[in-house]
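Given next are the chains, with one letter for each unit.
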Amino acid sequence: MFQPRLRCGFISLFTLMAICAAATPHPMTDVVFLAPGTSIDITANWNGPNTLRTYCYPGKPPSLLSLFETVEFFLDIGNGDYTEYGGRTPKEVLDHYNEQRSLFSFTLFSQKRQRIHLSPFEPECIGVSSRQPYNVRLHHAQFDVLRFLQFGLGVLVFCSSRTLAKNSIFYYLAGIVLGICGSLLLIISLTSKLFPRRPMMYGVLIGGWTIGVYILKQLADNMSLILLTYRDYVVWYLIITSLISFLVCYRIGPPKNRRSQNIIMWLLQAVGGGLAYFSSWNSSGVIFLIVSAFAAYYFPQSLVVYGKSLYRRRFSPKRRLLTQEEYYQQTVNETQKSLAELREFVNSPNCNQWNIMSNLRNPIRFASFANGEPHLFDEEIEDYSRTIEESMEAADQNEAEDYLQCSMHYRPLSNNGFNVSQDHRRRPPMPPPFTGLPTRHATCEHSAGL
């Protein structure tokens, strides 16, 4: 008895819905192709939802020079009385418009964005239906600094993954961040245990996840308002979850196992690759850079060393000989450096001074040298200078003139860096020996008296 009436009721309902769908007027459509920097003002429209204006960006061919190029679509409207539709072509936008206007359509995640990122290399269209006046503009940036920094951060995380996987500070920071973000999942997991394990309840949980995703979306869209309105609660939430996460990480401790560190390293490399990939709309170009970075990171070092050695053997660098002035200057510098290192060693706890002094002919002179006195006496300097003068008299005139042109002179320095003598009298400086002249003593040979 009730089945024929129920059947008639369904037939009447579907007939009424078909009549209403047929009676719906066709929308007024308008398509505008935007160029970078275009701004359009739309006045009030009394037809409201029956008017659809579609704004399209044609796109351009990709190139490596436009790797960090961005295009943004801005919609300035006074309130939320509008609807947006997306698509690749105006026809696709119109199809979405007709689907949402049908009686069978129910959209829980309808998006109303006033700032939309568009791909500079693909055609995209956005349809707007509203009664209110609004303004649309297309902003174009040839080089987006934020996306470049995102790419650099991704490469840095990828290259530093091995070091970060073994870093304790990074371990605790990452654990605290995961604890703050994952506390909501923990609450959902604990709540799900309260429901009975029946097939019907799994459907309820699946539907609950849909509502949960919707709630998370609303939280993300109104994050600034939530932070301002419930600031105290947000601060306490961050403090409590951070403290609990730190205590848990401290109890577990940083991973010491090599395989655990490798897993963390691979996860960091995946995160770095994801940051680098999503930093550009040019997918082919950024994939090429990521593959190049991956190949360079895992390239065998033995092949690099072999290639360098092969290049040096094939294209050996030309060796430049030192000039006479550079030779004398190097002699002075290296002598002073060696004497400073020797004085530092004999004053260090690693040196057995008594054992050394027992093997020296003049221990008092060794003690004076350790206390900062010059390693040469004035009599030795005068003897050396006299030997040099005699050698110059016996040498040819050309060799003597070449030697006199050298402005580098040597004289032992005290611990304060000034030329000193034992009796504090000014004496002529002692030059180092020059090539070609017979000398009785070398500069370093005078330190043998220690």
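For the structure, see preceding data.
Being a predicted model, the structure only gives us computed values, none of them experimental.

Engineer: Whenever I open this one, the state of the cysteines confuses me. Can you help?
Structural biologist: By definition, a disulfide is the covalent link that joins the sulfur atoms of two cysteine residues. Enumeration according to the criterion identifies one disulfide in this entry. Across a sulfur-sulfur distance of 2.1 Å, Cys-56 and Cys-125 are joined as a disulfide pair. Sign of the S-S torsion, about 110° for the bond between Cys-56 and Cys-125, identifies this disulfide as right-handed. Of this pair, Cys-56 sits in strand S3 (residues 51-57) while Cys-125 sits in strand S7 (residues 124-130), and the two are 69 residues apart along the sequence. In this structure Cys-56 comes out as buried when scored by relative accessible area, which is 2%. According to the relative accessible area criterion, Cys-125 is buried, its value standing at 4%.

Engineer: Looking at this structure, how should I read the pattern of salt bridges?
Structural biologist: A side chain of one charge can pair with a side chain of the opposite charge when the charged atoms of the two come close. Inspection of every chain in the model, using the stated rule, returns eight salt bridges. Note that Arg-88 is salt-bridged to Glu-122, the shortest N-O span being 2.8 Å. In this pair, Arg-88 sits in the loop between strand S5 (82-87) and helix H2 (90-101) while Glu-122 sits in the loop between strand S6 (115-118) and S7, placing the two residues 34 residues apart along the sequence. Here Glu-122 falls in the partly exposed class, since its relative accessible area comes to 38%. With a shortest N-O distance of 3.3 Å, Lys-91 and Asp-95 are connected by a salt bridge. Residue Lys-91 and its partner Asp-95 are both found in helix H2; the two are separated by four residues, about one turn of the helix. The class of Lys-91 is exposed, set by a relative accessible area of 59%.

The rules behind the values
Residues numbered from 1 in each chain as written. Predicted model: local features only at pLDDT ≥ 70, side-chain atom pairs only at ≥ 80, totals over all residues. Heavy atoms only, no water. Disulfide = S-S within 2.5 Å. Helix = DSSP H or I, 4+ residues; strand = E, 2+ residues; numbered from the N terminus. Buried < 20%, exposed > 50% of the residue type's maximum accessible area, 1.4 Å probe, protein only. Salt bridge = Lys/Arg side-chain N within 4 Å of Asp/Glu carboxyl O.

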